[in-house]
Amino acid sequence: MSHYTRREFLKTGIAAGAVAAAGTLPLAAERQTATDWITLGKSGVKVTRLAFGTGSFSGQVQRDLGQDGFTRLVRYAYDRGIRFFETAESYSEMHRMLGIALKGIPRDSYRLMSKVTTHQGANPQEKFDELRKLANTEYFDIMLLHWQHSATWPTDTSRWQDGILEAQSKKAIVSHGASVHGLPALRQVPANKWLDIAMIRVNHKGTRMDAEDYATDGPGNVPEVITHIQQARNAGLGVISMKLCGEGTFNREDRKAAMRFAFKNAGVDSVTVGYKNSAEIDEAIENLNFALA
């Protein structure tokens, strides 16, 4: 087969034939954006690629805004097209503040994810009911087992896994997964049949990412993390990334690079970012749109 340069292509007149046949060719793929709705693997839950996180320094950044300031920020994100909001039991007051901020917005127009702390003595159903009441919602679209950081977490949390499935049968939870920290915990994710969704730390520098010690201050093992993310995706799991901004330590260029790395190199489905003002929301949307371009 002959290989033509663009110059040769135009000279030979092949271009004219291609133009004539253009009506039979498929249209170019539509451009992807930060606020597109995407499906998180086998969970079937649709979320926007970019989420609104409420856990910056365990929610301190968001709490410091006060309810009125936080509500304005949530509404700004919603108006910009971010329709995926996440919080956790350990982010003191954030379920309540998020519930107030979202009050009056049609519930079917956004998705809500919570993360539950897997205390040994707590009753799962009572805890889910408590969190739903605080968040002023009849159901959570996603419930994650929060901060799983040992190799034995799949067996250690069996009671909570059963509790989530029971809550799903009652329509109080739609789908489920786990938030993992450290390589011993992450290594259990790809082959875990209970999981639908995994929340995993991702950035290009390995800052606050997974290592053998889940609480290390040193760099994480980026190549191994990426390998497990890809294995999880191949197993049908939806993957949400966190710690994209190195827990607030990255500058603008690193935040831009981290966003591109998460989607183009790691291959995550969605990413959660914590914000303290509207400019950070605008930047995150811009960074993700650039990453997807």
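Attention here is on the structure that accompanies the text. (Residues numbered from 1 in each chain as written. Predicted model: local features only at pLDDT ≥ 70, side-chain atom pairs only at ≥ 80, totals over all residues. Heavy atoms only, no water.)

**Here we look at helix 8 (residues 158–169)**
Working step 1: Look at helix 8: 17 Å from first C-alpha to last across 12 residues, which is about the 16 Å you get at 1.5 Å a residue.
Working step 2: When helix 8 is considered as a whole, its buried residues turn out to be W160, Q161, G163, I164, A167 and Q168. Down the axis of helix 8, the buried set is contained in an arc of 160°. They therefore lie on one face. Exposed residues on helix 8 whose side chains face more than 90 degrees from its buried face are D162 and S169.
Working step 3: Contacts from the buried residues of helix 8 go to strand 5 (111–116), helix 6 (124–135), strand 6 (140–148), helix 7 (153–156) and strand 7 (173–180).
Working step 4: Two residues or fewer after helix 8 comes K171, characterised by a positive phi angle close to 70°. (Helix = DSSP H or I, 4+ residues; strand = E, 2+ residues; numbered from the N terminus. Expected span 1.5 Å × (residues − 1). Buried < 20%, exposed > 50% of the residue type's maximum accessible area, 1.4 Å probe, protein only. Arc of directions from axis to C-beta. Contact = heavy atoms within 4.5 Å.)

**As for the sheet that holds strand 9 (residues 238–242)**
Working step 1: In spatial order, the strands read 3-4-5-6-7-8-9-10; together these 8 strands close into a barrel with parallel pairing. Pairs of neighbouring strands in the sheet enclose a mean axial angle of 25°, with direction left out of account.
Working step 2: Bridge count between strand 9 and strand 10 (residues 270–274): 2 bridges; the pairing is parallel. In the sheet register, I240 faces strand 10, and the bridge partner there is S270.
Working step 3: Where helix 4 (residues 66–80) meets the sheet, its contacts fall on strand 3 (50–53) and strand 4 (84–86), and the angle it forms with strand 3 comes to roughly 175°. (Pairing = 2+ DSSP bridges. Axes fitted to C-alpha atoms, helices over the stretch in contact; angles between N-to-C directions.)

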